[in-house]
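Listed here are the chains, written in short residue letters.
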Amino acid sequence: MEFSKDFLIGGAFAANQVEGAYNEGGRGWSTIDMYKMETSGGHFELTMAEIQEALQGDAKDYPKRRGIDFYHRYLEDLDLFQEMGFKILRLSIDWTRIYPNGDDETPNREGIDFYHRLFDELLKRNIQPMVTLNHFDTPLNLTLTCNGWESRKTLDCFKRYVETVLDEYHEKVKYWLTFNELDAALISPYLCSGMLAEKTEDKKFGKYQGLHHQLLGCAYAAKYIHENYPELRLGCMMTKNLKYAKTCRPEDNLTCLQEVQMGCMVNDVQVFGEYPYYVKNPWKKAGFKLKTEPGDMEFLKNNTVDFVSFSYYASLVTSHDKSGDDPTNANLLVGEKNPYLKTTEWGWQIDPVGLRYSLNELYDRYKKPIFIAENGLGAVDHLIGNTVEDDYRIEYIRDHLKQVLYAIDDGVDCFGYTYWGCIDCIAASTSQMKKRYGFIYVDQDDEGNGSGNRYRKKSFDWYKKVIQTNGRSLFES
Ligand code: BG6
């Protein structure tokens, strides 16, 4: 078994977790700059008071501001990716490098030039970029002035941003993604939609209003691409909420179905162009009505994505009766433990077969080409000499990539895989550095101490061979 020669295999990360240089190049404040390190994770919803405090703090306490200094060290990092033979690098554009306040009249040339240089350097190394338009960052100014995506003003600003980046980079970037894990807006409207709970009018349903505007933003990106640059491809990106029912009790399976459906909601809109019945009906019963403008629904219907992408790290278990829950988490999701699975040091349940299951489930649902935008193992690594013996990471990736091959053999049209956190970076959930995913070790600790130097881990050469052999080496002992 092997991947086809045009299978796009490589790595992934997001601007806010690697770039650093938060106050350089004309960049503005972003919502993501306000997160402190939280070793237990999950503190995604910030308050106005926390933001005010953060604005006085420095990069030492707010790790996403310093990233791994990719902004300055990107050439050396791209050389390492080239050495591994990456065919693709998924990254995101930081909105505030292009429009520092979100609502600026004209874009920031320095920011635009930075990404031009980055894409040129990638292409020179035969690595094609895949760009996420928005990965957990909203210009802070929009949060402070109009509560982010709750307002239609943010949609207008986003449209301008979309036009700018597409006009600038369409010759260099073929694959685009709308929002990273947009479904997570149901869990954290601050993280995904730049909305503060205390400013949100409708405490219960306000998140759907923000999402509606974001979905219109996705549809606008689709329209702009399809009308102006039809050779490009646009995808949506979801957290794969893989849940198994705890028992064969019908009630457990019904709960499981309903939770999985909700995880698909924003993808369903981006693929099918309409809100699914399983949200419309509960909204109606609860008396909630989206604030829309004439033509919104038609606009969603007429402008859908070309492919589907998702992140997959772990699976969870769920049941109808939550009273006896022994909760655990996977990414932003919460569920129950699965006695058949091992976990990572952060408690995420490792489930390679679940990746094959997810690929089949999503392909069956959407019938669109599929891209695995994220998959990876976060672990504590020890640099000994000049390397890390990360056999646990090799095992994780090997087991998952085999399942990708099996899913392709099942008939799923999966056209690529980008390993998440291909170089150690700041964790999204905890802002720790200690939670490392990379093939490349970055000498930097949670407080930002260290040389910042890069070291090849054992998995570096291993992944290189996987790419070189189109996956055949996965089956070598
Ligand atoms: C995904 C995000 O949710 O999971 C990434 O898209 C994130 O930004 C990744 O880094 C892994 O999560 P964490 O918290 O371990 O970095």
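Asker: I'd like a rundown of the overall build of the chain, residues and numbers included.
Answerer: Within the chain one finds 15 helices and 14 strands. Scaling as 2.2 N^0.38, a compact globule of 477 residues should have a C-alpha radius of gyration of about 23 Å, and the chain matches this with 21 Å. For the chain, the C-alpha atoms occupy an extent of roughly 60 × 55 × 45 Å along the three principal directions. When burial is assessed residue by residue, the chain has 61% of its 477 residues classed as buried. In the chain, the share of contacts with a sequence separation of at least 24, taken over all contacts with a separation of at least 6, comes to 77%. Looking at the chain as shown, the accessible area adds up to about 18300 Å², and 49% of this sits on carbon and sulfur atoms. In the chain, 57 positive and 72 negative side-chain charges are present, and the distance between their average locations comes to 3 Å.

Asker: Just give me the short version of the packing of aromatic side chains, but keep the residues and values in it.
Answerer: Under the counting rule described, the total for this entry stands at 41 aromatic pairs. On the basis of an interplanar angle of 55° and a centroid distance of 6.4 Å, the ring pair of Tyr 419 and Tyr 463 is categorised as tilted. Remark: Tyr 463 occurs in helix H15 (residues 458-468) and Tyr 419 occurs in strand E12 (residues 414-420); sequence separation between them is 44 residues. The two residues Tyr 419 and Tyr 463 agree in class, both being buried. Positioned above the aromatic ring of Tyr 22, the side-chain terminus of Arg 65 is 5.6 Å from the ring centre. Residue placement shows Arg 65 over the ring face of Tyr 62; its charged tip is 4.3 Å from the ring centre.

Asker: For the sheet that holds strand E7 (residues 307-311), give the residues involved together with the corresponding values.
Answerer: Around the barrel, which closes on itself, the eight strands sit in the order E1-E2-E3-E4-E5-E7-E11-E12 with parallel pairing between neighbours. Each adjacent strand pair in this sheet contributes to an overall mean axis angle of 25°, direction not counted. As judged from the five bridges shared by strand E2 (residues 88-92) and strand E3 (residues 128-134), these two strands associate in the parallel manner. If you follow Leu 91 over to E3, its bridge partner there is Val 131. Of the strands in this sheet, strand E1 (8-12) and E12 touch H15, which is tilted by about 155° from E1.

Asker: Quick rundown of the site of the ligand? Include the residues and the values.
Answerer: The environment of the ligand is made up of 15 residues, and the closest members are Glu 181, Ala 428, Ser 429, Lys 435 and Tyr 437. Within the side chain of Gln 17, a nitrogen or oxygen atom sits 2.7 Å from an oxygen atom of the ligand. For the ligand, the protein covers 99% of the area, taking 380 Å² as the surface of the free molecule. Residue classes in the shell around the ligand are distributed as seven nonpolar, five polar and three charged.

Asker: Could you give me a rundown of the nonpolar core, with the residues and numbers involved?
Answerer: In this structure, Phe 81, Trp 176 and Tyr 463 are the most contacted members of the largest nonpolar core, which totals 142 residues. Tallying contributions element by element places helix H9 (residues 206-228) first for this core, with 11 residues. Counting residues in each nonpolar core, the second largest holds 10 residues, with Leu 8, Met 237, Ala 373 and Phe 415 among its members.

Asker: I'd like a rundown of the packing of helix H10 (residues 250-272) against helix H13 (residues 352-366), residues and numbers included.
Answerer: With their axes 11 Å apart at the nearest point, H10 and H13 run at an angle of 45° to one another. On the basis of the axis angle, H10 is oblique to H13. As H10 runs across H13, the sense of the crossing is right-handed. Contacts between H10 and H13 pair Val 260, Gln 261, Cys 264, Asn 267, Asp 268, Val 271 and Phe 272 from the former with Glu 361, Arg 365 and Tyr 366 from the latter. Grouping the constituent residues of the contact of H10 with H13 by class yields five nonpolar, two polar and three charged.

The rules we used
- Residues numbered from 1 in each chain as written.
- Predicted model: local features only at pLDDT ≥ 70, side-chain atom pairs only at ≥ 80, totals over all residues.
- Heavy atoms only, no water.
- Helix = DSSP H or I, 4+ residues; strand = E, 2+ residues; numbered from the N terminus.
- Rg over C-alpha atoms; globule rule 2.2 N^0.38 Å.
- Buried < 20%, exposed > 50% of the residue type's maximum accessible area, 1.4 Å probe, protein only.
- Contact = heavy atoms within 4.5 Å.
- Areas by Shrake-Rupley, 256 points an atom, 1.4 Å probe, with all protein chains shown as cover.
- Lys, Arg positive; Asp, Glu negative; His and termini not counted.
- Charge placed at Lys NZ, Arg CZ, Asp CG, Glu CD.
- Phe/Tyr/Trp six-rings, centres within 6.5 Å; stacked < 30°, edge-to-face > 60°.
- Lys NZ or Arg CZ within 6 Å of the ring centre and 35° of its normal.
- Pairing = 2+ DSSP bridges.
- Axes fitted to C-alpha atoms, helices over the stretch in contact; angles between N-to-C directions.
- Near = heavy atom within 4 Å.
- Polar contact = N/O pair within 3.5 Å; in protein donor to acceptor, adjacent residues only side chain to side chain.
- Nonpolar A, V, L, I, M, F, W, Y, C, P; charged D, E, K, R; others polar.
- Core = buried A, V, L, I, M, F, W, Y, C linked by side-chain atoms within 4.5 Å.
- Parallel < 35°, antiparallel > 145°, perpendicular 65-115°, else oblique.
- Left-handed = near helix turned anticlockwise from the far one by under 90°.

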